[in-house]
Amino acid sequence: MADPVSSLATRPGVAQCLDMYAKLASGVCVVTTRGADGRPACATVSSAAAVSAAPALMSLCLANASRTLAALRDHGSFALHVLDERHRPWAERCADPLATAAERFGEEQAEYVHGVPVRADALAWSVCAVTDVRAYGDHHLVVGEVLAAHTGTGHPLLWYDRGFHGRSGARHG
């Protein structure tokens, strides 16, 4: 008997892959680093993950053309912020490809930990030293060793079906 799914076993196109990826619910994070001018640089990511506990390693993905990727490679370290529901405006600014670095970071107060700008009010954050950067398709996978970490309280901001969602599941924005 033929496998009923085998007729669907053709390689999907970009649009079909993006539709499938949209169904991967994930926490919203902002990665920060310092640019060549010393000013904060940031980008919103939904592809961050814990890699290992010993040694402590985190990973994230950034688009090949990302200004934050270039700054992160130059600086050699980054902070990964797990965002709370109340950080949605910051996530939106950091995701805006037309926003300047100054507009993305805005007037947010940052502390510097290991020379990297950190938003202490994030749900959680870690500062990492870059250990590996590799190109995969249209993105780069970045792995960093955790140098410092903090956890706070609140409810995570989620990315699902191409939108931000809070604890209630209601779409924001």
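Residues numbered from 1 in each chain as written. Predicted model: local features only at pLDDT ≥ 70, side-chain atom pairs only at ≥ 80, totals over all residues. Heavy atoms only, no water.

The subject of this paragraph is the overall build of the protein. For the protein, the count of helices and strands is four helices and 13 strands. What you see for the protein is a C-alpha radius of gyration of 17 Å, in line with the 16 Å of a compact globule of 173 residues. By its C-alpha atoms, the protein is 60 × 35 × 35 Å across when sized along the principal axes. The contacts in the protein between residues at least 6 apart in sequence include a share of 63% that link residues at least 24 apart. Counting only carbon and sulfur atoms, one obtains 57% of the accessible surface of the protein, whose full area is about 9800 Å². Of the charged side chains in the protein, 15 are positive and 17 negative; the average position of the first set lies 2 Å away from that of the second. (Helix = DSSP H or I, 4+ residues; strand = E, 2+ residues; numbered from the N terminus. Rg over C-alpha atoms; globule rule 2.2 N^0.38 Å. Contact = heavy atoms within 4.5 Å. Areas by Shrake-Rupley, 256 points an atom, 1.4 Å probe, with all protein chains shown as cover. Lys, Arg positive; Asp, Glu negative; His and termini not counted. Charge placed at Lys NZ, Arg CZ, Asp CG, Glu CD.)

Inspection of every chain in the model, using the stated rule, returns seven salt bridges. The salt bridge involving arginine 86 is made with aspartate 121; its shortest N-O contact spans 3.6 Å. In this pair, arginine 86 sits in the loop between β6 (77-82) and α3 (88-95) while aspartate 121 sits in the loop between β8 (116-118) and β9 (124-136), placing the two residues 35 residues apart along the sequence. Overall, arginine 86 belongs to the partly exposed group, its relative accessible area being 49%. Using a relative accessible area of 32% as the deciding quantity, one classes aspartate 121 as partly exposed. (Salt bridge = Lys/Arg side-chain N within 4 Å of Asp/Glu carboxyl O. Buried < 20%, exposed > 50% of the residue type's maximum accessible area, 1.4 Å probe, protein only.)

With that out of the way, let us pick up the nonpolar core. Ranked by size, the top nonpolar core spans 13 residues in total, and within it Val31, Leu60, Leu62, Phe78 and Leu80 carry the most contacts. Among all residues touching phenylalanine 78, those that are not within four sequence positions of it are Val31, Thr32, Thr33, Leu60, Leu72, Val116, Ser126, Val127, Cys128, Val130, Val142 and Gly144. Val30, Leu83, Ala91 and Phe105 belong to the second-largest nonpolar core, a separate cluster that totals 10 residues. (Core = buried A, V, L, I, M, F, W, Y, C linked by side-chain atoms within 4.5 Å.)

Once that is clear, we can look at the side chain of histidine 81. Assignment of secondary structure puts histidine 81 in strand β6. Looking at histidine 81, its side chain comes within polar contact range of the main-chain nitrogen of arginine 119, at 2.9 Å. (Polar contact = N/O pair within 3.5 Å; in protein donor to acceptor, adjacent residues only side chain to side chain.)

Before going further, it helps to spend a moment on the sheet that holds strand β5 (residues 56-63). The sheet built from seven strands is open, its strands ordered β3-β2-β6-β9-β10-β5-β4 with antiparallel pairing. Each edge of the open sheet is held by one strand with a lone partner, namely β3 (40-45) and β4 (48-53). Neighbour to neighbour, the strand axes of the sheet diverge by 30° on average, direction disregarded. Bridge count between β9 and strand β10 (residues 139-151): 12 bridges; the pairing is antiparallel. Bridging across to β10, aspartate 132 finds its partner in valine 143. Sheet contacts for helix α2 (residues 67-75): β2 (29-34), β3, β5, β6, β9 and β10; angle to β2, the most-contacted strand, approximately 50°. (Pairing = 2+ DSSP bridges. Axes fitted to C-alpha atoms, helices over the stretch in contact; angles between N-to-C directions.)

Along α3, the residues classified as buried are Trp90, Ala91 and Cys94. Buried residues in α3, looked at end-on, bunch into an arc of 100°, giving them a common side. Here the buried face of α3 lies against β2, β3, β6, α4 (101-105) and β12 (163-165). (Arc of directions from axis to C-beta.)

Another point: a nonpolar patch on the surface. A contiguous nonpolar patch, built from Val14, Leu18, Met20, Tyr21 and Leu24 and spanning about 530 Å² of accessible area, is present on the exposed surface. Inspection of the secondary structure puts methionine 20 in helix α1 (residues 14-21). (Patch = residues over 30% accessible without salt bridge, like charges linked within 9 Å, V, L, I, M, F, W, Y side chains within 5 Å.)

The next point concerns the environment of tyrosine 112. Structurally, tyrosine 112 can be placed in strand β7 (residues 111-113). Distance from tyrosine 112 to valine 127, taken between C-alpha atoms, is 9.8 Å for residues 15 residues apart in sequence.

Under the definition given, this model contains one aromatic pair. With a centroid separation of 4.9 Å and 70° between ring planes, the pair formed by tryptophan 159 and phenylalanine 164 is classed as edge-to-face. The class for tryptophan 159 is partly exposed, based on a relative accessible area of 28%. When its relative accessible area of 8% is taken as the criterion, phenylalanine 164 is described as buried. Across from the ring centre of tryptophan 90, 4.5 Å away, lies the NZ or CZ of arginine 119, which sits over that ring. (Phe/Tyr/Trp six-rings, centres within 6.5 Å; stacked < 30°, edge-to-face > 60°. Lys NZ or Arg CZ within 6 Å of the ring centre and 35° of its normal.)

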